Amino acid sequence: MIHRDGDWLAAKVGDELVMMSAAKGNYIGLSSVGARIWELIETPQTVESLCDRLVAEYEVDPATCRAEVDAFLAMLGQHNAIRIKDAT
Amino acid sequence: MIPTVWLASYPKSGNTWFRILVANLWSKLDTPININLIHSTDSIASGRNQFDRQTLIDSALLTNDEIDRLRPASYAYAAAGNTLADPDDPCFPVRFVKVHDAYIRNDFGEALLGGAAGGAGAILFVRDPRDVAASFAHHMRCPIDMAIDRMADANFCFAAATDRVDRQFRQRLLSWSGFTRSWLDQRDIPVHLVRYEDLLSDTAATARAALAFAGIEPDPVQLDRAIAFASIGELQRQEAQHGFREAPRDVRGFFRRGVAGGWRDELHPHQIARIERDHGPMMDRLGYDRSTVITEQRL
Amino acid sequence: MFSYRVSGLAVASEVDLPGLIPGDPDRAPEVTIRNAPVPFALDDPEMVGPTWQRAGDRFLLRIPDIARFLLEDGRSIAFEAENGADPQDVAVFLSGSVFGVLLHQRNQIVLHASAVLVGGKAVLFCGASGAGKSTLAAALGKQGYPLIADDQCAIEIGDDGIPMIQADGRQLRLWEKSISELGLAERRGDAMRNRLLKFYVDPAASSERPVPIGAVYALTEIRHPDEPGIERPNIVDATKLLTVNAYRPMLIHRFAQRDVYFRGGTTIAATSGIFRLKRRLGFDGLPATIAMLRGHWTQIGLAEAAS
């Protein structure tokens, strides 16, 4: 399960999203798709359910979607913006 | 807390070259770092902006002497780690800070750079004053004779104009000899001497010794890579493409020749004689052979 | 008592503060300035800087041989001159550096910037001392753009989400070199300090009302052979630019203002635009910079295209 992590402030600029960690002052910028993913994982969910949702919303094939989502989640993980817990 | 080490030099003596070398050593990129984005060393000690940020005072409204009274406290504050974005994660093992001020005292009698509280030590870069003269003239866009005048002038300062605001504070350089003596003879902090000529002829060994003084033991492969990334050819290439922010305005070619002994074809005999007369004792002390002393004695 | 309006705040002061706009003496002051004993140190400070200390809502700033200033809760400033300092010298720091700290203490967004009025909106130029803010504002003033603020710009995000700048039609503060290069000798007023070649200069026109922000430019110096230009940085860099150009960036962290500047930066980036103005420093380039700005104002809808 993907959970949001840390104390991030987020604000929309156009269809992009800027995020800042209140404690450290680090920034992340997200494209419109990234912003949508951030919105979706407000509800903790699995990578699979997230990808199903994105394939339905965007014109993307499942394999490409999965690869890009994995890379995106890895980036958020490096910034300690999410944590991944095994589903129980 | 990471130590602060001054990189002190009269201008045109290899200070910036060393800083770029260090920045490449600490870079994680596999290409040379951008010379206009050196984040790994602080900007020059005489920078106005960082002083205003730390003291919360608009230094443009202070006189030069008033500023000099506050400079020691601001250096001590920075050396204590207060200006790092994250003191728990300083990113680099040493805080190197370039400085062109001579090691002098303000009118309160305090060491301008804050003594032992402002820095743990200094690496002093020196270069044959005959080579400095030609390079300094190019740097200031003035005739070589004027550069030689300034190198002999005990009152010479950078950024001393009072009808405008400069992004740097007034810096008293003293004469070339006076500058070097002020750093070598002060007893507040340890000094490691680096001759530009040695840095040129055996970059790896000379840089390694300087870094060891600062408590750094670089990986040999990474050091070789950093030396290659800071080659004069690379620095000139980047400067030709985007300019160099630390160069004086309107000076093209901050990274000029990067050679030792160029004075033999750049200076007139009378200019060589003058420099050797002005700075003979300090040249002797640093091991720079004089060429005219015999002739003068015969005269 | 003297009454002033500084960055939109009603100020009552025991001392004359040259260069500020007079305020309404009947309005209840939001900030009072008084001459009173000020200690050299605070009890139990939680932060100590080279010239300052903070203990809760008390903030002490000392400028040796000029004065000590005690700022309390963003509402009052007490000052005590040192060694018989000239009152004019004390006043110049009160209305500048000290008031800037007070605005941070009040949790306001305050930028190190000068601003002029273009098409009914404020155009801000941010940069450190020596970056050319006041000179550019003065040069634009000569072209008919009224001054809104010089050196400090206090910003508020209205309830409707529109970022506004408080008019602070204080005088321009220019160095002798700029005054002579810009041909403003006849507008030159008093020296800011008697030993300093920096002068108050009367702006030809100034704005007195709060104005919505049209654009924010961070002044960036380039060197040969880089070409001048105006860039829109990505949203992360734009948001950071606002923080970097705070009047005293260090205080953002010290006064726990990161969220305020983050909200301000993203709001301005979304509504008005934050740009980098890349140009060579120097008086020769001013006409070209102004021409470039005018072109940009047409492009972003602040001004109509020249016919």
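Higher on the page you've got the structure.
Residues numbered from 1 in each chain as written. Chains lettered and ligands numbered in written order. Predicted model: local features only at pLDDT ≥ 70, side-chain atom pairs only at ≥ 80, totals over all residues. Heavy atoms only, no water.

## A look at the pairing of strand β10 (residues 109–118) of chain C
All names here are of chain C. Stated precisely, the cut-off is as follows: Burial status follows relative accessibility: with a 1.4 Å probe on protein chains alone, a residue under 20% of its type maximum counts as buried, one over 50% as exposed, and anything between as partly exposed. Secondary structure counts use DSSP, requiring at least four H or I residues in a row for a helix and at least two E residues in a row for a strand, with both numbered from the N terminus. We call two strands paired when DSSP finds no fewer than two bridges between them.
Counting buried residues along β10, nine of its 10 residues qualify, which places the element largely inside the surrounding structure. In terms of strand pairing, β10 meets strand β13 (residues 152–157) through four bridges, oriented antiparallel. By the bridge assignment, Val110 is partnered in β13 with Ala154. Pairing between β10 and strand β11 (residues 121–126): six bridges, direction antiparallel. In the sheet register, Ser114 faces β11, and the bridge partner there is Phe125. Counting the residues that bridge the hairpin from β10 to β11 gives two residues, and of these Gly119 lies at a positive phi of roughly 55°.

## Some points on the interface of chain C and chain A
Interfaces are often sized by the accessible area lost when the parts come together. Threshold: Here, two residues are considered to be in contact whenever any of their heavy atoms come within 4.5 Å of each other. Defined in terms of a 1.4 Å probe, buried area is the accessible area two parts forfeit on being brought together, summed over both. What counts as a salt bridge is simple: a side-chain nitrogen of Lys or Arg found within 4 Å of a carboxyl oxygen of Asp or Glu. Here a polar contact means two N or O atoms within 3.5 Å. Within protein one must be a hydrogen donor candidate and the other an acceptor candidate, and residues neighboring in sequence count only if both atoms are side-chain atoms. Polar here means any residue other than Ala, Val, Leu, Ile, Met, Phe, Trp, Tyr, Cys and Pro, which are nonpolar, and Asp, Glu, Lys and Arg, which are charged; Gly is therefore polar.
The partner chain A presents 18 residues to the 12 residues of chain C that form the contact. In this assembly, chain C packs against chain A so that about 1,200 Å² is buried in total across both faces, 75% of it on carbon and sulfur atoms. Ranking the residues of chain C by area buried against chain A places C:Ile235, C:Arg258 and C:Phe262 at the top, with a combined share of 51%. On inspection of chain C and its partner chain A, the count reaches zero salt bridges. Viewed at the interface, chain A and chain C are joined by two residue pairs in polar contact (both at pLDDT 80 or more). It is helix α6 (residues 258–271) of chain C that contributes the most residues to the side of chain C that touches chain A, seven residues altogether. Here the residues of the side of chain C that touches chain A are counted per class, giving five nonpolar, three polar and four charged.

## Examining the packing of aromatic side chains
Each aromatic ring pair is described using two quantities: the centre-to-centre distance and the angle formed by the ring planes. Inclusion rule: Each pair of aromatic rings taken from Phe, Tyr and Trp, with Trp reduced to its six-membered ring, is defined by centres within 6.5 Å and is described as stacked if the planes are under 30 degrees apart, edge-to-face if over 60, and tilted in the remaining cases. Only Lys NZ and Arg CZ are tested; either one counts as a charge over a ring when it is within 6 Å of the ring centre and within 35 degrees of the ring normal.
Per the stated rule, a full pass over the model turns up 24 aromatic pairs over all chains. A ring pair is formed by B:Trp26 and B:Phe92, whose centres lie 5.3 Å apart and whose planes are at 20°; its orientation type is stacked. In this pair, B:Trp26 is assigned in helix α1 (residues 15–26) and B:Phe92 in the loop between α3 (64–79) and β2 (95–99), connecting sequence segments 66 residues apart. Seen from their ring centres, C:Trp52 and C:Phe59 are 5.7 Å apart, and the 15° between their planes marks the pair as stacked. We note that C:Trp52, like C:Phe59, is buried. Pairwise contacts between aromatic rings join B:Tyr10, B:Phe136, B:Phe156, B:Phe158 and B:Phe179 into one cluster. Here the basic side chain of C:Arg68 rests over the ring of C:Phe40, its NZ or CZ set 3.7 Å away from the ring centre. When the ring centre of C:Phe199 is taken as origin, the NZ or CZ atom of C:Arg188, which lies over that ring, is 3.9 Å away.

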